[in-house]
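Secondary and tertiary structure notes
Spelled out, the chains give:
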Amino acid sequence: MWTLEGLGQLKPALLLELLDDPQDFIKTTALRLLEINPTQHAQMQQVLDQKVLALSKTANIKVALQCALSAHLLSSEVNLTVNQEIIDRFGTLALIRDAVMSSIENQEFILLKKLWVAPLWQSPEQAQEIFLEMLASAIARKKDPTELLTLLELMHHQGKTFGKKEQVVLNGLAVAALNFKGSNPIALSAQPELLKRPDLPLDQNGVANLKNLFTWPGFNPEISRVSKHALDEKASKQFATGRQKYLTNCAGCHGTDGRGMDRFGPPMVGSEWVLGDEKKLSLVLLHGLEGPIVVLGKKYDAPDILPMMPAHSIMDDADIAAILTYIRNEWGNQANPVTAGTVGSTRHTSQGRVIPWTVKDLDKYVKAKWPSEKLPKAKSNDGLCC
């Protein structure tokens, strides 16, 4: 197939026919090749839509992933239907969530509205909460006044208390707002009714950040964190980026609220390891950690949590620093932000390590590398899993 493509002899009709092949590798390759010259099969759009829609309902994870990645080839309505089908079936996987987000650019609000009324999304589980927050953040970054105001109205439910869906969407908007410090807020004729409510399910910082997306008569925003340990503009943007990276890489074990999850990972709220030495914390993310750990005086070990936290060394320094800055300043945590330079220098000192740390090995290594530094004192068998 690739040889025919290189020779200019591969016809769209053949690729469409191969979408029915029993072999997964043939189907996924046909989808990839259809992306090379999408204008060639424009006249066959209806057939392509039907075939990919059918695939999305029965495909295994490998084919479903490629369907999501290639869904931008489809007509707008079918694109959203295919991606909703895939996120319903495989949304617990971070890779699937990222693939869906990559193919619905500028349609995030439409998909969120579809999910809002879908039966499977009325009591969202954690993976669904993560995806809703990802959609909300994308909508906030777009800064379309009509979409944002409609979204606020959708969540208002006058006279009703806020549910989990409203909470995660509002949090996504509030965190994304940190990226807009110094940019023009959206001018409104009056304060939205939702923003008048005293029961918004956000802390003081979240409410302030959410309001600072807008301006209205009598209110001129100035994005800032309420905490006395305020993050500067650069760190605030790190915090916002870190939330998204955390949702993708860490929330599956530690929860969207940082309180940990049974049989997966311990809590991060108030954790002495999250709030402690940033170099030691960087080493944990870079190389992973295995064995029993103690967080906030409680011992965690398999099967109460996973036996090992995997390494995140393939992530770049800036992304790791963003995650660390986020977890050190969310859920009531307050600690200095972490720079990419700190992560990079720590990576350099430990280059060549290919196995996860044990707590004992990590403590020994830190004392040997930085003997003159007064590192935060940790209890025996303390640790962090992320």
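Just above, that's the structure.
Now for a quick tour of the structure.

Reading guide: rules and limits
Along each chain, residues carry numbers from 1 onward, in the same order as the chain's sequence is written. In view of the model being predicted, local features appear only for residues whose pLDDT reaches at least 70, and side-chain atom pairs are presented and counted only at 80 or more, with totals across whole chains, interfaces and linings using the full set of residues. Each side-chain value is worked out from all heavy atoms of the structure, with water and hydrogens disregarded. Helix axes are fitted only over the stretch in contact, all axes being lines through C-alpha atoms; the angle between N-to-C directions runs from 0 to 180 degrees. Only DSSP runs of H or I reaching four residues or more are called helices, and only runs of E reaching two or more are called strands; each is numbered from the N terminus. By the definition used in this description, the sense in which the near helix is turned from the far one sets the handedness, with an anticlockwise turn below a right angle giving left-handed and a clockwise turn giving right-handed. Note on contacts: a residue pair qualifies if any of its non-hydrogen atoms lie within 4.5 Å across the two residues. Amino acids outside the nonpolar list (Ala, Val, Leu, Ile, Met, Phe, Trp, Tyr, Cys, Pro) and the charged list (Asp, Glu, Lys, Arg) are all regarded as polar, and Gly is one of them. Between buried and exposed lies partly exposed: a residue is buried under 20% and exposed over 50% of the maximum accessible area for its type, with that area taken using a 1.4 Å probe on protein chains only. Residues scored as positive are Lys and Arg, those scored as negative are Asp and Glu, and His as well as the terminal groups of each chain are ignored. Any carboxyl oxygen of Asp or Glu that lies within 4 Å of a side-chain nitrogen of Lys or Arg is treated as forming a salt bridge with it. The definition of a polar contact used here is a pair of N or O atoms within 3.5 Å, where within protein one atom must be able to donate a hydrogen and the other to accept one, and adjacent residues in sequence count solely through side-chain atom pairs. Nonpolar cores were defined as sets of buried Ala, Val, Leu, Ile, Met, Phe, Trp, Tyr and Cys residues, with membership established by side-chain atoms within 4.5 Å. Here a pair means two rings of Phe, Tyr or Trp (six-membered ring of Trp) with centres within 6.5 Å. Their orientation is stacked below 30 degrees between planes, edge-to-face above 60, and tilted elsewhere. In this scheme, a helix's expected span is set at 1.5 Å multiplied by one less than its residue total.

Concerning the packing of helix H8 (residues 108–117) against helix H9 (residues 126–142)
Orientation of H8 relative to H9, taken along the N-to-C sense of each, is 145°, at an axis distance of 9 Å. The handedness of the crossing between H8 and H9 is left-handed. For the pair H8 and H9, the contacting residues are Glu108, Phe109, Leu111, Leu112 and Leu115 in the first and Phe131, Leu132, Leu135, Ala136, Ala138 and Ile139 in the second. Looking at the contact of H8 with H9 residue by residue, the classes come out as 10 nonpolar, no polar and 1 charged.

Points about helix H7 (residues 94–103)
For H7, the set of buried residues is Ile96, Arg97, Ala99, Val100, Met101 and Ser103. Residues of H7 that are buried in the fold lie against helix H5 (61–70), helix H6 (76–90), H8, H9 and helix H13 (233–249).

Things to note about the side chain of Glu129
With respect to the helices and strands, Glu129 occurs in helix H9. Here Glu129 sits buried without a salt bridge, and the closest side chain of opposite charge, Lys164, lies 4.2 Å off (N-O distance). In this structure the side chain of Glu129 is engaged in a polar contact, spanning 3.4 Å, whose partner is the side chain of Thr256. Setting aside chain neighbours within four positions, we find Glu129 in contact with Pro124, Lys164, Val168 and Thr256.

Thoughts on the nonpolar core
Grouped together as the largest cluster of nonpolar side chains are 115 residues, with contacts concentrated most on Phe131, Val169, Leu173 and Ile327. Tallying contributions element by element places H9 first for this core, with 9 residues. For Val169, the residues in contact, after removing those within four places along its chain, are Leu112, Trp116, Leu132, Ala136, Leu151 and Met155.

What about the pattern of salt bridges?
For the structure on display, the rule yields 11 salt bridges. Across the pair Glu133 and Arg243 runs a salt bridge, and its minimum N-O distance is 2.4 Å. With Glu133 in helix H9 and Arg243 in helix H13, this residue pair connects regions lying 110 residues apart in the sequence. Of the charged contacts in the structure, one is a salt bridge between Asp363 and Lys280, with a shortest N-O distance of 2.4 Å.

Re the environment of Val269
Following the sequence through the fold, Val269 ends up in the loop between helix H14 (251–254) and helix H15 (278–287). On a C-alpha basis, the gap between Val269 and Ile327 in space is 8.3 Å, while along the polypeptide they are 58 residues apart. The residues touching Val269, leaving out its near neighbours within four places in the chain, are Asp257, Gly258, Arg259, Leu296, Trp331 and Asn333.

Quick notes on the packing of aromatic side chains
Two descriptors summarise a pair of aromatic rings, namely the distance from one centre to the other and the angle between the planes of the rings. Per the counting criterion, the structure on display carries 8 aromatic pairs. Ring centres of Tyr365 and Trp370 lie 6.2 Å apart, and the angle between their planes is 80°; on these two criteria the pair is classed as edge-to-face. The same class applies to Tyr365 as to Trp370, namely buried. The rings of Phe239, Tyr246, Tyr326 and Trp331 are connected pair by pair, giving a single aromatic cluster.

A word on unusual backbone geometry
Backbone torsion omega between Ala302 and Pro303 reads 10°, so that peptide bond is classified as cis. Within the secondary structure, Pro303 sits in the loop between strand S5 (298–300) and strand S6 (308–309). The phi dihedral of Leu296 falls on the positive side, at around 55°, and the residue is not glycine. Inspection of the secondary structure assignment puts Leu296 in the loop between strand S4 (293–295) and S5.

Side note on H6
The first and last C-alpha atoms of H6 sit 21 Å apart over 15 residues, in line with the 21 Å expected at 1.5 Å per residue. Residues of H6 that are buried sit in contact with helix H4 (45–58), H5, H7, H8 and H9.

Some points on the environment of Ile36
Tracing the backbone shows Ile36 in the loop between helix H3 (24–34) and H4. Taking the C-alpha atoms as reference, Ile36 lies 9.3 Å from Glu5; in sequence the two are 31 residues apart. Leaving out residues up to four positions away in the same chain, Ile36 has contacts with Trp2 and Glu5.

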